[in-house]
Amino acid sequence: MATTAASKPPLVQKLRGLTGEVVKFGIVGLSGVVINFAVFWVCINGLGLASLRSNIAATVIAIATNYLGYRYWLYRDRDAASRKREITLFLVFSGIGMLIETGVLAFTVYVLHLDSHYEQLGAKVIGLGVATVFRFVSYRTWVFTALPEPEPAVPADGQELAVQAELMLATEQIRFAKAE
């Protein structure tokens with residue numbers, strides 16, 4: 001099947017769409033970050049939990065709230081036919097992101113011996129940044145897949161094309177008659 005330039009959006013339109021997606025991803029992600037850091041801070045200061053346990057608890061709560069934002073706001077127009085698959089992949093990729101974030105924190109605390117609460121927060125910021133890039137790519141690529149684009153109608157033969165042209169001419173004649 002031959003594709004025409006009209007059937008493919010230009011690069012500028014694709015980038016505009018991606019920019020909007022990145023902004024919305026950032027808004028949902030930022031709300032998750034706020035929740036993540038608030039829960040983390042309460043866990044290490046208020047509850048006295050160890051930093052890695054605090055990080056896991058905070059990240060799990062943020063993952064749950066982020067899923068709601070991604071599914072029902074950012075990717076609401078994406079295929080939701082297989083929720084079980086979507087949730088499974090979301091949890092898998094979120095878990096990998098959590099491992100990235102927790103790994104950076106563990107490296108900072110146990111290898112670099114930077115274990116003050118502020119140093120832990122700094123490590124959490126770095127780990128969260130790396131994990132966020134990973135999550136964005138994996139969510140948009142594998143979790144919240146786009147609905148397939150409808151195939152443009154291709155005339156089977158010259159007769160179908162002639163019928164379409166006659167319909168267009170008739171429509172224009174009616175519009176011209178109304179204008180008079």
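None of the values given here were measured: they were computed from a predicted structure.

Draft legend 1. Region of interest: the overall build of the chain. The helix and strand tally for the chain stands at 5 helices and 0 strands. Here the chain holds 180 residues, and 28% of them are scored as buried. Pairs at least 24 apart in sequence give 73% of the contacts found in the chain among residues at least 6 apart. Of the roughly 11700 Å² of accessible surface on the chain, 69% is carried by carbon and sulfur atoms.

Draft legend 2. Summary view of the packing of aromatic side chains. In this structure the tally under the stated criterion is 10 aromatic pairs. Measuring from ring centre to ring centre gives 6.2 Å for F25 and Y139, while their planes differ by 55 degrees; the resulting arrangement is tilted. Remark: Y139 occurs in helix α4 (residues 117–143) and F25 occurs in helix α1 (residues 11–46); sequence separation between them is 114 residues. You can call F25 buried: its relative accessible area is 6%. Here the aromatic cluster, defined as three or more aromatic residues joined through ring pairs, consists of F25, Y67, Y70, F90, F136 and Y139. Sitting over the face of the ring of F37, K124 holds its NZ or CZ atom 5.5 Å from the ring centroid.

Draft legend 3. Region of the structure containing the environment of E119. Here E119 lies in helix α4. Residue E119 is classed as partly exposed on the basis of its relative accessible area, which comes to 33%. Considering only alpha carbons, one finds E119 and V109, 10 residues apart in sequence, at a separation of 8.4 Å. In this view, E119 contacts T108 and L114; residues no more than four positions away in its chain are not counted.

Draft legend 4. Layout of the nonpolar core. Formed by 13 residues in total, the largest nonpolar core has its most connected members in F25, Y70, Y75, F90, Y139, V143 and F144. At the level of elements, α1, α2 (51–74), α3 (83–111) and α4 are the ones that each hand at least two residues to this core. Residues C43, L105, V109 and A123 belong to the second largest nonpolar core, which totals 11 residues.

Definitions and limits used
- Residues numbered from 1 in each chain as written.
- Predicted model: local features only at pLDDT ≥ 70, side-chain atom pairs only at ≥ 80, totals over all residues.
- Heavy atoms only, no water.
- Helix = DSSP H or I, 4+ residues; strand = E, 2+ residues; numbered from the N terminus.
- Buried < 20%, exposed > 50% of the residue type's maximum accessible area, 1.4 Å probe, protein only.
- Contact = heavy atoms within 4.5 Å.
- Areas by Shrake-Rupley, 256 points an atom, 1.4 Å probe, with all protein chains shown as cover.
- Phe/Tyr/Trp six-rings, centres within 6.5 Å; stacked < 30°, edge-to-face > 60°.
- Lys NZ or Arg CZ within 6 Å of the ring centre and 35° of its normal.
- Core = buried A, V, L, I, M, F, W, Y, C linked by side-chain atoms within 4.5 Å.

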